[in-house]
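Close look at the chain arrangement
So the chains spell out like this:
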Amino acid sequence: MSITEKEIVQSCMRVLSKVRKRKRRGGNHERLFLTAYQIWLLLQKEQDPICEVLEKKYGRAVGKGGGAYVGPAQRIGVALGASDEIETYHLDVRELSLPGITPSGTSCGLYRMRE
């Protein structure tokens, strides 16, 4: 089964639209960023149908030791990074891990909806 970057972004937008905002100096509010790993876990938690499609195509590998070069979270990061609807930055993740996930590289994309 094939999946487009646009379809991945559409599913991720449902997650990203729910990200809480924080108050900045001056009273403005901004959405927080999420990693592709977090987005993948939230999509799974919501039982988004895209998870099944991504798993069939890319397996279940996530992060260092996942056993595959391209996994669902990495594929999500590629799609979000290419989207004009998404703001992307990168974080140095040396010595950083999420519960149960160790990033496979030395940087990790951070994503949020453009406002």
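For the structure, see preceding data.
The present account deals with the structure reproduced in this document. For every chain, the first residue of the written sequence is number 1, and numbering continues from 1 along that sequence. In view of the model being predicted, local features appear only for residues whose pLDDT reaches at least 70, and side-chain atom pairs are presented and counted only at 80 or more, with totals across whole chains, interfaces and linings using the full set of residues. By convention in this description, side-chain values take in all heavy atoms of the structure and omit both hydrogens and water.

1. Regarding helix α2 (residues 36–45)
- Within α2, burial applies to Ala 36, Tyr 37, Ile 39, Trp 40 and Leu 43. Buried residues of α2 fall within an arc of 165° about the axis and therefore sit on the same side.
- Of the surrounding secondary structure, the elements contacted by the buried residues of α2 are α1 (5–16), β3 (34–35), α3 (49–58), α4 (72–81) and β5 (107–113).
- A run of H or I in DSSP becomes a helix once it reaches four residues, and a run of E becomes a strand once it reaches two; helices and strands are each numbered from the N terminus. Backbone geometry just downstream of α2 places Gln 47 in the positive-phi region, at approximately 55°. Working definition: with a 1.4 Å probe on protein chains only, accessible area under 20% of the residue-type maximum means buried, over 50% means exposed, and in between means partly exposed. It is the directions from the helix axis to the C-beta atoms whose arc is reported. Whether two residues are in contact is decided by their heavy atoms: any pair within 4.5 Å suffices.

2. Quick word on the pairing of β5
- β5 sits mainly inside the fold: 6 of its 7 residues count as buried.
- Looking at chain direction, β3 and β5 are connected through 2 bridges and run antiparallel. The residue bridging Thr 35 from the neighbouring strand is Leu 110, located in β5. Strands are treated as partners if at least two bridges between them are detected by DSSP.

3. Remarks on the sheet that holds strand β4 (residues 86–92)
- Across the sheet, which stays open at both edges, the 3 strands sit in the order β3-β5-β4 with antiparallel pairing between neighbours. On the outer flanks of this sheet lie β3 and β4, each paired with one strand and no other.
- With respect to the sheet, α1 is in contact with β3, β4 and β5, its orientation differing from that of β5 by roughly 75°. To get an axis, fit a line to the C-alpha atoms, keeping to the stretch in contact for a helix; angles then go from 0 to 180 degrees between the N-to-C directions.

4. Examining unusual backbone geometry
- Positioned with a positive phi, Gln 47 is a non-glycine residue whose angle comes to about 55°.
- Among the secondary structure elements, Gln 47 is positioned in the loop between α2 and α3.

5. Describing the packing of aromatic side chains
- In this analysis, rings of Phe, Tyr and Trp, with Trp reduced to its six-membered ring, are considered paired at centre separations within 6.5 Å, and the interplanar angle assigns stacked below 30 degrees, edge-to-face beyond 60, and tilted for intermediate values. Going through the model one piece at a time under the given rule, you end up with 1 aromatic pair.
- Taking the centre distance of 5.6 Å and the plane angle of 90° together, the rings of Phe 33 and Tyr 89 count as edge-to-face. Here Phe 33 is found in the loop between β2 (29–31) and β3, whereas its partner Tyr 89 is found in strand β4, with 56 residues between them in sequence.
- The partly exposed category is assigned to Tyr 89, whose relative accessible area is 47%.

6. Observations concerning the pattern of salt bridges
- Salt bridges are defined as contacts in which a side-chain nitrogen from Lys or Arg sits within 4 Å of a carboxyl oxygen from Asp or Glu. Taken as a whole, this structure holds 9 salt bridges when the rule is applied.
- Here Arg 75 and Glu 5 are joined by a salt bridge, their closest N and O atoms 3.7 Å apart. Here Arg 75, found in helix α4, pairs with Glu 5, found in helix α1; they are 70 residues apart in sequence, far enough to count as distant.
- Take Glu 5: its relative accessible area is 32%, and that puts it in the partly exposed class.
- Arg 112 is the partner of Glu 30 in a salt bridge, and the nearest nitrogen-oxygen pair spans 3.6 Å. Taken together, the positions of Glu 30 in strand β2 and Arg 112 in strand β5 put the pair 82 residues apart, joining distant regions of the chain.
- Taking relative accessible area as the criterion, Glu 30 reaches 16% and is therefore assigned buried.

7. As for α1
- A helix is expected to reach a length of 1.5 Å times the quantity of its residues less one. With 12 residues, α1 extends 16 Å between its outermost C-alpha atoms, agreeing within 8% with the 16 Å of an ideal straight helix rising 1.5 Å per residue.
- Those residues of α1 not exposed but buried are Ile 8, Val 9, Ser 11, Cys 12, Met 13, Val 15 and Leu 16.

8. What to know about the environment of Arg 75
- Residue class for Arg 75 comes out buried when judged on its relative accessible area of 12%.
- For the pair formed by Arg 75 and Glu 5, sequence separation is 70 residues and the distance between their alpha carbons is 8.6 Å.
- Those residues in contact with Arg 75 that lie beyond four places of it in its chain are Ile 3, Glu 5, Ile 8, Leu 54 and Tyr 58.

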